[in-house]
Amino acid sequence: MTGTPSPGPAHLILIGLPGAGKSTHGRRAAKQLDRPFIDLDKRIATTHGRSVANIFAEDGEAAFRALEREATASLALEPPSIVAPGGGWMLSPENVALVKPSSTIVWLMVSPAAAVSRMGVRIALRPLLRSGNPVRTLEGLLEKRRQRYAEADAIVDTETLSWQGVVDALVALAPPI
Ligand code: S3P
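Below is a short write-up of the structure.

What counts, and where the lines are drawn
- Residues numbered from 1 in each chain as written.
- Predicted model: local features only at pLDDT ≥ 70, side-chain atom pairs only at ≥ 80, totals over all residues.
- Heavy atoms only, no water.
- Helix = DSSP H or I, 4+ residues; strand = E, 2+ residues; numbered from the N terminus.
- Rg over C-alpha atoms; globule rule 2.2 N^0.38 Å.
- Buried < 20%, exposed > 50% of the residue type's maximum accessible area, 1.4 Å probe, protein only.
- Contact = heavy atoms within 4.5 Å.
- Areas by Shrake-Rupley, 256 points an atom, 1.4 Å probe, with all protein chains shown as cover.
- Axes fitted to C-alpha atoms, helices over the stretch in contact; angles between N-to-C directions.
- Parallel < 35°, antiparallel > 145°, perpendicular 65-115°, else oblique.
- Nonpolar A, V, L, I, M, F, W, Y, C, P; charged D, E, K, R; others polar.
- Near = heavy atom within 4 Å.
- Polar contact = N/O pair within 3.5 Å; in protein donor to acceptor, adjacent residues only side chain to side chain.
- Phe/Tyr/Trp six-rings, centres within 6.5 Å; stacked < 30°, edge-to-face > 60°.

### Overview of the overall build of the protein
At step 1: Check the secondary structure of the protein and you find 8 helices and 5 strands.
At step 2: Listing every helix and strand of the protein by position from the N terminus yields β-α-β-α-α-α-β-α-β-α-α-β-α.
At step 3: The C-alpha radius of gyration of the protein comes to 16 Å, within 12% of the 16 Å expected for a compact globule of 177 residues.
At step 4: With respect to the principal axes defined by its C-alpha atoms, the protein has extents near 55 × 40 × 30 Å.
At step 5: When the 177 residues of the protein are sorted by exposure, 46% land in the buried category.
At step 6: Within the protein, contacts between residues separated by at least 24 positions form 75% of all contacts whose residues are at least 6 apart in sequence.
At step 7: As presented, the protein carries roughly 9000 Å² of accessible surface, and 57% of it is formed by carbon and sulfur atoms.

### Thoughts on the packing of helix α2 (residues 40–48) against helix α4 (residues 61–74)
At step 1: Contact pair α2 / α4: the axes reach a minimum separation of 10 Å and the direction vectors enclose 105 degrees. Comparing the axis directions of α2 and α4 gives the class roughly perpendicular. Contacts from Leu 40, Asp 41, Arg 43, Ile 44 and His 48 of α2 reach α4 at Phe 64, Leu 67, Glu 68, Glu 70, Ala 71, Thr 72 and Ser 74.
At step 2: Taken together, the residues that form the contact of α2 with α4 break down as 5 nonpolar, 3 polar and 4 charged.

### Examining the site of the ligand
At step 1: Around the ligand sit 13 residues, and of these Lys 22, Asp 41, Arg 65, Arg 126 and Arg 145 come closest.
At step 2: Between Arg 145 and the ligand, the recorded distance is 2.7 Å, taken from a side-chain N or O atom to an oxygen atom.
At step 3: Relative to its free-state accessible area of 380 Å², the ligand is covered by the protein chains to the extent of 92%.
At step 4: The class makeup of the residues in the shell around the ligand is 5 nonpolar, 3 polar and 5 charged.

### Quick word on the packing of aromatic side chains
At step 1: Applying the stated criterion across every chain, the model contains 2 aromatic pairs.
At step 2: Between the aromatic rings of Phe 56 and Phe 64, the centroid separation amounts to 5.1 Å while the plane-to-plane angle is 45 degrees, which identifies the pairing as tilted.
At step 3: Taking relative accessible area as the criterion, Phe 56 reaches 14% and is therefore assigned buried.
At step 4: Its relative accessible area of 3% is what places Phe 64 among the buried residues.
At step 5: Centroid distance Trp 107 to Tyr 149: 5.5 Å. Interplanar angle 55 degrees. Geometry classified as tilted.

Spelled out as structure tokens, the structure:
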């Protein structure tokens, strides 16, 4: 049969710098919405039996990005969910094309300094932030990524809102199902 392809599932996808709170806020919004929560980096690690840090260290970033694309493609088989990919996900137009137009992408905005203070010791789990000054590194990433992040359907400023305020904003932005 020919015609327009059927639309994919309507996910809510949270993007932004490491430390923006994509997983934490995403998990809470999912609970409030009674929808599944998917941490895309955890899914990659579980599927391949290796941590993201290990994949970066042994196979390099390009190999990780290929697995990230594969995990994004698998979202087509999921019911409408709240999805938290890693901070570099939005840089790939292919990733975005895989979830559009059905899903809603939201940029969780945070300053590099606040992101570093939120991550605390968990910063050691982030391969891109392991060496050098993490605030400077995040400033550099933000500079390079700002334009792509700004292509999100909506922006939620995680610093001017309370934790519950961020969750409420995400619940309101979740695509209807
Ligand atoms: C990355 C962010 C990480 C992880 C990988 C690459 C990035 O996820 O996907 O280390 O390019 O910003 P978090 O944003 O959850 O730290």
